Amino acid sequence: MIEQRIQQQFFESADLLYQAAEQLARPLAMAAQMVVDAITGGNRILCAAQGLASMDADYLAARLAGRFEQERPGLAAWSLAAQTRDAAGLDLARLLQAHGHPGDVLIMIEPLREQRDAWSGALAVAHSQEMSVIALTGGATDEWRGLLQDTDIQIRVSHGREPRVIEAQRVLLHALIDAVDVQLLGSDE
C-alpha cells in the first residue's frame, strides 16, 4: 500500500508537469525575453519570495549570477529573500525602494495563495519604481488580479496541492534560466 502511495506522488507530479508544459511555455518564453532585455539593457534581476519559497529565490539568483549548464559571465541578479530573513523588521517593500530601479525585473516566487496580501506593498513599490514583474504563483484559483498589472507576466501553476506547485515551480525556474542562457549564448547542443 505504501508503495502505491509513493508511486502516486510521482504520477501526480508528472501529470502536472505535462499540463504545465502545454499551458506555461508561452508566458515562460515571454518571461525569459523580459529577463534578457533587462540584462542586455544594463538592468538587474531581483529575486524575491517569502517563507520556504525564499530558498528558491536564493537558488534562482545564484544560478543567474553564477552558471546553469553553460559557462557564461555572471548576470546581474541577486536574491532579496536572504535580506528579509536575516534583518528584523526589514520588509520587501523597503528593499525594493532601496534597490529597485526603472527597467529592473522583480521575479517573485509564491506557491501559497495565503501570502497574497503580504505582496501588495512590494508589488506597489515595484510598479511605482517602473520595474517589470514576473510572478510565479500557484493555487487552484487565480487570486492575484488587482495586484499584478497588464505588463506583468504571471506564470501560475494551477494546482491545489502545495508540494506539487513547488515541484513545478522548480522546473519552471530551470526552464527560465535555460531559455535565458540560450538567448544569450545560443544552444550548446
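Scroll up a little and you will see the structure.
Residues numbered from 1 in each chain as written. Predicted model: local features only at pLDDT ≥ 70, side-chain atom pairs only at ≥ 80, totals over all residues. Heavy atoms only, no water.

Draft legend 1. Examining the pattern of salt bridges more closely. Per the counting criterion, the structure on display carries seven salt bridges. Among the ionic pairs, Asp56 bridges to Arg170, the shortest N-O distance being 2.6 Å. One end of the pair, Asp56, is in helix α2 (residues 54-65); the other, Arg170, is in helix α6 (residues 162-185), and 114 residues separate them in sequence. The partly exposed category is assigned to Arg170, whose relative accessible area is 30%. Across the pair Asp181 and Arg72 runs a salt bridge whose closest N-O atoms are separated by 2.5 Å. With a gap of 109 residues between them, Asp181 in helix α6 and Arg72 in the loop between α2 and β2 (77-79) connect regions that are remote in the sequence. Across this residue pair, the class does not change: Asp181 and Arg72 are buried. (Salt bridge = Lys/Arg side-chain N within 4 Å of Asp/Glu carboxyl O. Helix = DSSP H or I, 4+ residues; strand = E, 2+ residues; numbered from the N terminus. Buried < 20%, exposed > 50% of the residue type's maximum accessible area, 1.4 Å probe, protein only.)

Draft legend 2. Layout of the side chain of His127. Among the structural elements, His127 can be located in helix α5 (residues 120-128). We classify His127 as buried; its relative accessible area is 14%. For His127, the contacting residues outside a window of four places in its chain are Val133, Leu147, Leu148, Gln149 and Asp152. (Contact = heavy atoms within 4.5 Å.)

Draft legend 3. Spotlight on the pairing of strand β1 (residues 45-49). Here β1 lies mainly inside the structure; five of its five residues are buried. Both faces of β1 are covered, namely the face carrying Ile45, Cys47 and Ala49 and the face carrying Leu46 and Ala48. In this structure, β1 lies alongside β2, joined through three bridges in parallel fashion. Its bridge partner lying in β2, Cys47 is registered against Ser79. (Pairing = 2+ DSSP bridges.)

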